[in-house]
Amino acid sequence: MRILKPCFITILLCYSTITFAQTKPAFKVVPLGVYGGSDESNLSAYMVGPVGSDAYACLDAGTLHAGIEKAIANHVFTVPADTVLKRYIKGYFISHAHLDHLAGMIINSPEDAPKKIYGLPYTLNVLRDNYFTWKNWANFGSEGDKPILHKYTYTPMAVADEVAVDNTNMTVQAFPLSHGNPYESTAFLLHSKDKFILYLGDTGADEIEKSDKLHLLWQDVAQLIKTKQLRAIMIEVSFPNEQPDKALFGHLTPRLLMHEMDALSKLAGPEAMKSFPVVITHLKPAGGHIPDIKKQLAAGNTLGLKLVYPEQGKVLLF
């Protein structure tokens, strides 16, 4: 991966009702949905763009309309919801083809504007072959069942190659993840003006998945943490520590996340990890376990990470 020159040390900054302190934020994150499962009005989707711009990449798209309306109610946007959907979201980056990560895009596709869907080929192939077909839905894609409506253009990414996001000043790299081996997911590394933010779709821990996908990803981003160019990692924790390994289905617990953060710390250095923002995504509300997950994360946070819990429609700046 291309490593750019170091930037000045950055601390997190206050914004809206979810606040942090940061000297000069680089990225604006608008969570449109934050949960994994159960609540169909609040499923994984994050608009991410450079501060000062209305051009966003949408990282996963489980919920769109309900999240945009919540953001408007919180005065994040001052334009109608259809303007945000059609004009502000410049493209979708889908980590994997589970419904809680793309249902909002499918449901809203008739009202959306033409744009690209970016992803690794295995994800785009499922969209083409299983979702945007005339048996399941209209084919709004650029390949597959005829007639082809060509609203969305499938844009396959190669691992670690930088791809420009149309109509933005961002580029994105894709890295494979293991989500219930051999099923795969994707991490996306967004880059704008020498700053980066890393978003992981659903992922299991290397020790459970019998994989090296996370280790390879940590090797790629460790230097960016050392140089303070990586502003945050957005990563899932779906279950509490009590969840049996055989019932994780390619997800993380607090213990497993902190084990992975320890592995990253060995590469980036423990000092670089202190107060580093880690955004906890994909909490599963079923069973009422979210308070327990947060307590277990706090108890296991020996590295001194800045743990961030996104809320639907409330801005984060990094």
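Conventions and cut-offs
- Residues numbered from 1 in each chain as written.
- Predicted model: local features only at pLDDT ≥ 70, side-chain atom pairs only at ≥ 80, totals over all residues.
- Heavy atoms only, no water.
- Pairing = 2+ DSSP bridges.
- Helix = DSSP H or I, 4+ residues; strand = E, 2+ residues; numbered from the N terminus.
- Buried < 20%, exposed > 50% of the residue type's maximum accessible area, 1.4 Å probe, protein only.
- Arc of directions from axis to C-beta.
- Contact = heavy atoms within 4.5 Å.

1. A closer look at the sheet that holds strand S7 (residues 163–164)
Then step 1. Strand order in the open sheet made by the 7 strands is S7-S8-S9-S10-S11-S12-S13, with mixed pairing throughout. Each edge of the open sheet carries a strand with a single partner, namely S7 and strand S13 (306–308).
Then step 2. Relative to strand S9 (residues 184–192), strand S8 (residues 171–178) runs antiparallel, the two sharing 8 bridges. Its bridge partner being in S9, Ala174 is matched across the sheet by Phe188.

2. Quick notes on the pairing of S9
Then step 1. Most of S9 is tucked away: 8 of the 9 residues are buried.
Then step 2. As consecutive antiparallel partners, S8 and S9 are separated by 5 residues, and within that stretch Gly180 has a phi angle of approximately 85°, a positive value.
Then step 3. Looking at chain direction, S9 and strand S10 (residues 195–200) are connected through 6 bridges and run antiparallel. Directly across from Phe188, in S10, lies its bridge partner Tyr199.
Then step 4. Where S9 folds back on S10, the antiparallel hairpin that results is connected by 2 residues, among which Lys193 adopts a positive phi of roughly 50°.

3. Observations regarding helix H1 (residues 65–73)
Then step 1. Listed as buried for H1 are Gly67, Ile68 and Ala71. Projection of H1 onto a plane perpendicular to its axis shows the buried side chains occupying an angular sector of 100°, all on one side.
Then step 2. Looking at the buried residues of H1, the elements they touch are strand S1 (27–33) and helix H2 (81–88).
Then step 3. Residue His75 follows H1 closely and has a positive phi angle near 65°.

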